[in-house]
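Topology and contacts: notes
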Amino acid sequence: NELVHWELPAGAEQWHIVDGNGNVIPSQVYTHRHQVVTPLEGPGLYALVNLPANSTLELKRVKGTGNITPLVRISSTKDSHTLTSDILAVRVTASKTDNDGHVLSPIQGIRLPGGNWMGVGTMNVDGKLLKRKVTVSASGPVFAEVQVHDVWSGDRQYRCRVRLVARQPVVHITESFSL
């Protein structure tokens, strides 16, 4: 199950992918520009495809939303966003500090395939966290994504993108910082 990308014309927000037989392939339009740049970035149409070795697959872009069952979901509270797939989940906090005044790391847990949560942590950085902005940049049906932008004293920054792709056993985390 790989995530593939096609560019779309400006303003094209209602598209989906079908195979050679007209079956809808899980896909979504993504319009957000990244804070953290990676090879799979930027606006376009993303689809989740499974292509076994030595085989071919015919895909076609079709206007309209299609009837796509969400494969990932995101639930939000005032303090956090939880991205969930059928395999994993990841919790990203919007809070800056815990009850003891420690600066919370943006990722406050990953739920493993067995159901156990792990990975709560804090950031040990000199200076003061002045502002944390958390943005939901995608909410499915193929992937969910949250971006975090921390501004620290001394004109320092931390940026993080957390993406959970359906049917993949990993959480994609991209960071950029000047701490």
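The model shown is predicted, which means the values in this text are computed figures rather than measured ones.

1. Let's talk about the environment of Val165
With respect to the secondary-structure elements, Val165 resides in strand 14 (residues 156-165). The sequence separation of Val165 and Leu83 amounts to 82 residues, and the corresponding C-alpha distance is 9.5 Å. Dropping the residues within four chain positions of it, Val165 is found in contact with Leu3, Leu48, Val72, Val142, Phe143 and His172.

2. Thoughts on the sheet that holds strand 1 (residues 2-6)
Across the sheet, three strands lie side by side as 1-5-4; this open sheet has antiparallel pairing. Across the chains shown, the open sheet's two edge strands, defined by having one partner strand only, are strand 1 and strand 4 (27-30). Here the average twist between neighbouring strands, direction ignored, is 25°. Sheet topology places strand 4 next to strand 5 (residues 44-49); four bridges connect them, and they run antiparallel.

3. Some details on the pairing of strand 12 (residues 129-139)
As defined by bridge partners, strand 12 adjoins strand 13 (residues 143-152) across nine bridges and the pair is classed as antiparallel. Looking at strand 13, one finds that Ala138 is bridged to Glu145. Taking the residues between adjacent antiparallel strands as the criterion, strand 12 and strand 13 are bridged by three residues, where Gly140 takes a positive phi near 105°.

4. Points about unusual backbone geometry
In this chain, Gly140 is followed by Pro141 through a cis amide linkage whose omega measures 20°. The residue Pro141 is located in the loop between strand 12 and strand 13 in this model. At Asn54, a residue that is not glycine, the phi angle is positive and equals roughly 60°. Structurally, Asn54 is set in the loop between strand 5 and strand 6 (59-63). With a relative accessible area of 85%, Asn54 lands in the exposed category. Located in the positive-phi region is Arg167, a residue other than glycine, with phi close to 65°. Looking at the element boundaries, Arg167 is found in the loop between strand 14 and strand 15 (171-177). On the basis of relative accessibility, which here comes to 34%, the residue Arg167 falls in the partly exposed class.

Scoring rules and cut-offs
Residues numbered from 1 in each chain as written. Predicted model: local features only at pLDDT ≥ 70, side-chain atom pairs only at ≥ 80, totals over all residues. Heavy atoms only, no water. Helix = DSSP H or I, 4+ residues; strand = E, 2+ residues; numbered from the N terminus. Contact = heavy atoms within 4.5 Å. Pairing = 2+ DSSP bridges. Axes fitted to C-alpha atoms, helices over the stretch in contact; angles between N-to-C directions. Buried < 20%, exposed > 50% of the residue type's maximum accessible area, 1.4 Å probe, protein only.

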